[in-house]
Amino acid sequence: MEQDYHTHSTYSDGRFLFAMVRAASEAGLSGIGISDHCTVSEREPMRGQRNLLGFNLDVTYERRRGAIEGLRERVDIAVHDAVEMDYDPREEGAIADFLDQAGFDYAIGSVHHLEDTNVHVEPYFAEKPERERRALVDRYFEKVVSLVESELFAVAAHPDLIERTPALRGLASEEHYRRTAEAFVRSRTVPELNAGRVLDDYGSFHPSPVFLDALAEHGVRVTVGTDSHRPEEVAPRAERIDELLDERGIEPVELAV
Ligand SMILES: [Zn+2]
Ligand SMILES: [Zn+2]
């Protein structure tokens, strides 16, 4: 891979900007996208969760932009001023307004929540009966399709994020993958090959191999992101992405930045 389009800095839940950029440079990449988390939801509990986590890019993006501009003069790789937006179909208007105003190099859209609960919160989902968990997985893919159809984003991050959560893992069907792939065919939004958990507990990429097959069958290409939050994650994850790209003969999409 040439560029890592998905990383985080201290402007959300990652490490210092300069350390992330240096790590990408040392990994031999020609570019890094700093895509900090951002939520513009005015609904509770989303507002409260955002405040608790300190995801303030909606108010600090200009400060971060100045820092990125300063860094660009001192490093030998491209640094992109990007964002990872929380997506919910009810907030399309607010997201569109914010993205228009902020003018990022590109925007990544993410479905992180079901019933306003982050899908990583295993106990919340584990106590539900299987029937409800299946309905939530249906809901998850409806939201991803809606994200893709919204045309708000250049990239749809980790389009099967629910697989990280043991209580929701394995409930996605080929029908979900087919419907999502069809939405990508009709959209400018590109799915992301995300290495955020490939070297951790989950041990797989997003999308899963079967989902990747479905995308390939539909002629849908992917972009790439390590989703690194710490500098030391960039190189090993980029290496794993390269291995998979080689294995599958994939040429990732280069974003227009
Ligand atoms: Zn994410
Ligand atoms: Zn991320």
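Note on numbering: residues in each chain are counted from 1, in written sequence order. Both sets of labels track the order of writing: A upward for chains, 1 upward for ligands. Restriction of local features to residues with pLDDT of at least 70 applies here, the model being predicted, together with a cutoff of 80 or more for giving and counting side-chain atom pairs; totals for whole chains, interfaces and linings are based on all residues. Note that water and hydrogens are dropped before the side-chain values are worked out from all heavy atoms of the structure.

Q: Account for the coordination of the zinc ion (ligand 1), naming residues and giving values.
A: Donors, by definition, are the N, O and S atoms found within 2.8 Å of a metal, the threshold being 3.2 Å for Na, K and Ca, and water is not counted, so a site can look incomplete. Protein-derived coordination of the zinc ion (ligand 1) comes from Glu84 (OE), His112 (NE2) and His158 (NE2), at a distance range of 2.1 to 2.2 Å. Donor residues binding the zinc ion (ligand 1) come from one chain and are separated in sequence as E-x27-H-x45-H. Between the two metal centres, the zinc ion (ligand 1) and the zinc ion (ligand 2), the spacing is 3.6 Å, with glutamate 84 acting as a shared donor. Remark: histidine 158 occurs in the loop between β7 (155-156) and α7 (174-185) and glutamate 84 occurs in strand β3 (residues 78-86); sequence separation between them is 74 residues. Each member of the pair, glutamate 84 as well as histidine 158, carries the same accessibility label: buried. In this description a helix means any DSSP run of H or I spanning at least four residues, a strand means any run of E spanning at least two, and both kinds are numbered starting from the N terminus. Three exposure classes are used, based on accessible area relative to the maximum for each residue type with a 1.4 Å probe and protein chains only: buried under 20%, partly exposed in between, and exposed over 50%.

Q: Summarise helix α3 (residues 57-72); cite the residues concerned and give the values.
A: The terminal C-alpha atoms of α3, which comprises 16 residues, lie only 20 Å apart, well short of the 22 Å expected from a rise of 1.5 Å per residue. Note on bend: the value at a residue is the angle between axes fitted to the seven residues ending there and to the seven starting there. The axis of α3 is deflected most strongly, by about 35°, at arginine 63. Those residues of α3 that sit buried are Leu57, Thr60, Tyr61, Arg64, Ile68 and Leu71. Looking at the buried positions of α3, the neighbouring elements they touch are α1 (17-26), β2 (31-38), β3 and α4 (92-102). Working rule for helices: expected span equals 1.5 Å times residues minus one. Residues are treated as being in contact if the distance between any of their heavy atoms lies within 4.5 Å.

Q: Outline the sheet that holds strand β8 (residues 190-194), supporting the account with residue identities and numerical values.
A: Here seven strands make up an open sheet; going across it, the order is β1-β2-β3-β4-β7-β8-β9 and the pairing parallel. Every other strand in the sheet has two partners, leaving β1 (3-7) and β9 (223-225) as the edge strands with one partner each. Relative to β2, β1 is paired through three bridges, and the arrangement is parallel. Opposite threonine 7, over in β2, you have isoleucine 34 as the bridge partner. Note on geometry: axes are lines fitted to C-alpha atoms, helical ones only across the stretch in contact, with angles between N-to-C directions running from 0 to 180 degrees. In this fold α3 packs onto β2 and β3, with an angle of close to 165° to the strand it touches most, β3. Contacts from α4 reach β2, β3 and β4 (106-110), with the element oriented near 165° to β3. We treat two strands as partners when DSSP finds at least two bridges between them.

Q: Report on the side chain of glutamate 163, specifying residues and quantitative values.
A: Mapped onto the fold, glutamate 163 is located in the loop between β7 and α7. For the purpose of charge, His is not counted, nor are the chain termini; Lys and Arg are scored as positive and Asp and Glu as negative. The salt bridge definition used is simple: a Lys or Arg side-chain nitrogen within 4 Å of an Asp or Glu carboxyl oxygen. Of the side chains bearing the opposite charge, arginine 169 lies closest to the buried glutamate 163, which forms no salt bridge; the N-O distance is 4.8 Å. Apart from residues no more than four positions distant in its own chain, glutamate 163 is found in contact with Arg169, Gly170, Ala172, Tyr177, Tyr202 and His206.

Q: Help me get a handle on unusual backbone geometry, residues and values and all.
A: Backbone torsion omega between glutamate 44 and proline 45 reads 10°, so that peptide bond is classified as cis. In this fold, proline 45 is placed in the loop between β2 and α2 (46-53). With omega at -5°, the peptide bond leading from histidine 206 into proline 207 counts as cis. Mapped onto the secondary structure, proline 207 falls in the loop between β8 and α8 (209-217). Despite not being glycine, glutamate 115 has its phi angle at roughly 50°, a positive value. Looking at the element boundaries, glutamate 115 is found in the loop between β5 (113-114) and β6 (117-118). Even without a glycine there, the phi angle at histidine 158 is positive, about 20°. For histidine 158, a relative accessible area of 2% translates into the label buried.

Q: Can you break down the coordination of the zinc ion (ligand 2) residue by residue, with the values?
A: Taken together, the protein ligands of the zinc ion (ligand 2) are His6 (NE2), His8 (NE2), Glu84 (OE) and Asp227 (OD), with distances of 2.1 to 2.2 Å. One can describe the donor arrangement at the zinc ion (ligand 2) as irregular, given that its four donor atoms subtend angles of 82 to 169° at the metal. When four donors show all angles between 85 and 135 degrees the site is tetrahedral, when four or six donors have opposite pairs over 155 degrees and all other angles between 65 and 115 it is square planar or octahedral respectively, and in every other case it is irregular.

Q: Give a description of the layout of surface pockets that names residues and reports values.
A: In the cavity and pocket records, a cavity denotes points on a 1 Å grid over the protein atoms alone where a 1.4 Å probe fits but cannot get out, a pocket denotes an open set with protein on both sides within 12 Å along at least 5 of 7 lines, and lining residues are residues with an atom within 4 Å of a point. Grid points are joined across faces, edges and corners, and a volume is the space filled by probe spheres set on the points. Size it by volume and the largest pocket reaches roughly 460 Å³. If you go around the largest pocket, you meet 24 residues; those closest to its centre are Asp13, His37, Phe55, Asn118 and His120. At the level of elements, α2, β3 and α9 (231-248) are the ones that each hand at least two residues to the lining of the largest pocket. In terms of residue count, α2 provides more of the lining of the largest pocket than any other element does, five residues in total. Here the residues of the lining of the largest pocket are counted per class, giving five nonpolar, ten polar and nine charged. A volume near 160 Å³ is recorded for the second largest pocket. Ala96, Leu99, Asp100, Gly103, Phe104, Asp105, Tyr106, Ala107, Leu152, Phe153, Ala154 and Arg188 together form the lining of the second largest pocket. Elements represented by at least two residues in the lining of the second largest pocket include exactly α4 and β4. Top element by residues in the lining of the second largest pocket is α4. It accounts for three residues. Residue classes in the lining of the second largest pocket are distributed as eight nonpolar, one polar and three charged. In this classification, Asp, Glu, Lys and Arg are treated as charged, Ala, Val, Leu, Ile, Met, Phe, Trp, Tyr, Cys and Pro as nonpolar, and every other residue, Gly included, as polar.

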